[in-house]
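Structure at a glance
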Amino acid sequence: MSSNAFISQLELAKQFFRTGDLDRAEFHTRSFLERDEHEEGYFYLGLIQNSQGKWDEALSSYYKAVTLNHDYGNPCNEIGVVLLRMGKDKEAVYWLKKSVRCEQNDAPHISYFNLATLYKLWNRPERSLQYLHKAMELKRDFPEAWKMWEDIQADSNPSANSN
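A brief look at the structure comes next.

Criteria and thresholds
Residues numbered from 1 in each chain as written. Predicted model: local features only at pLDDT ≥ 70, side-chain atom pairs only at ≥ 80, totals over all residues. Heavy atoms only, no water. Helix = DSSP H or I, 4+ residues; strand = E, 2+ residues; numbered from the N terminus. Buried < 20%, exposed > 50% of the residue type's maximum accessible area, 1.4 Å probe, protein only. Contact = heavy atoms within 4.5 Å. Areas by Shrake-Rupley, 256 points an atom, 1.4 Å probe, with all protein chains shown as cover. Salt bridge = Lys/Arg side-chain N within 4 Å of Asp/Glu carboxyl O. Axes fitted to C-alpha atoms, helices over the stretch in contact; angles between N-to-C directions. Parallel < 35°, antiparallel > 145°, perpendicular 65-115°, else oblique. Left-handed = near helix turned anticlockwise from the far one by under 90°. Nonpolar A, V, L, I, M, F, W, Y, C, P; charged D, E, K, R; others polar. Expected span 1.5 Å × (residues − 1). Phe/Tyr/Trp six-rings, centres within 6.5 Å; stacked < 30°, edge-to-face > 60°. Lys NZ or Arg CZ within 6 Å of the ring centre and 35° of its normal.

Attention now moves to the overall build of the protein chain. Scanning the protein chain from terminus to terminus reveals 10 helices and 0 strands. Taken along the three principal axes of its C-alpha coordinates, the protein chain extends 65 × 30 × 30 Å. When the 163 residues of the protein chain are sorted by exposure, 44% land in the buried category. Relative to all contacts within the protein chain whose residues are 6 or more apart in sequence, the contacts with residues 24 or more apart total 45%. Accessible surface computed for the protein chain: about 9,100 Å², of which carbon and sulfur atoms make up 49%.

What follows is the structure, given as structure tokens:
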């Protein structure tokens, strides 16, 4: 099989993932990875496993992706998100911050938003607002970030709530 056939197999897996057909997505991703250990393949395998609620397996796949490409921010972000779900906040911060430092990151605004969410949970509104600002600089049309910004501002200004 040619390199193009492998890439098209991964693209097929992505299409199945986007439509919610996780079994077919996993089959095609694993088939792709049998022929080529590729960071994007492991990243998508992690997304599939995460969607199935298999957090430990997803972490393993994301770690493999980062091992193959230390500068790949997408799996770093996802590692941070999974660790947050597992209640491992301090480990999550490391991975989310690593994600925003990576050269290859399809959505750094999401990593900044996730950091803002974590600092909001820790009742650190000033840090949360800093990360939200960075997220909104990268993506102006980001309604979730604007909503959180407004919520934090309202919480920080109780006199505005009484009007």
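Anyway, onward from the coordinates.
Let's shift gears to the pattern of salt bridges. For the structure on display, the rule yields 6 salt bridges. E126 serves as the salt-bridge partner of R124, at 2.8 Å between the closest nitrogen and oxygen. Accessibility expressed as a relative area gives 41% for E126, which makes it partly exposed.

Here we come to the packing of helix α5 (residues 73-85) against helix α6 (residues 89-101). Closest axis-to-axis distance for the α5/α6 pair is 8 Å, and the angle between their directions is 160°. What the angle tells us is that α5 and α6 run roughly antiparallel. For the pair α5 and α6, the sense of crossing is left-handed. Along the contact surface, α5 presents G73, C76, N77, I79, G80, V81, L83 and L84, while α6 presents D89, E91, A92, W95, L96, K98 and S99. Along the lines of polarity and charge, the residues of the contact of α5 with α6 split into 8 nonpolar, 4 polar and 3 charged.

Moving on, we get to α6. An ideal rise of 1.5 Å per residue puts 18 Å on 13 residues; α6 measures up with 19 Å between its terminal C-alpha atoms. Listing the buried residues of α6 in full gives A92, V93, W95, L96, K98 and S99. Next to the buried residues of α6 lie α4 (55-68), α5 and α7 (108-121).

The next point concerns the packing of aromatic side chains. If you walk through the whole model with that rule in mind, you get 10 aromatic pairs. Note on F43 and Y44: the rings are 5.4 Å apart at their centroids and 80° apart in plane angle, and the pair reads as edge-to-face. A single burial state applies to F43 and to Y44, both of which are buried. On the numbers, 5.6 Å between centres and 25° between planes, the contact of Y119 with Y131 is stacked. Placement of the pair is Y119 in helix α7 and Y131 in helix α8 (residues 125-138), with a sequence separation of 12 residues. Neither Y119 nor Y131 differs from the other in exposure class; each is buried. Put simply, the rings of F17, F43, Y44, Y62 and Y72 touch in pairs and so form one group of aromatic residues. Residue placement shows K90 over the ring face of W122; its charged tip is 5.9 Å from the ring centre. Above the ring of Y119, the side-chain terminus of R127 is found at 5.4 Å from the ring centroid.

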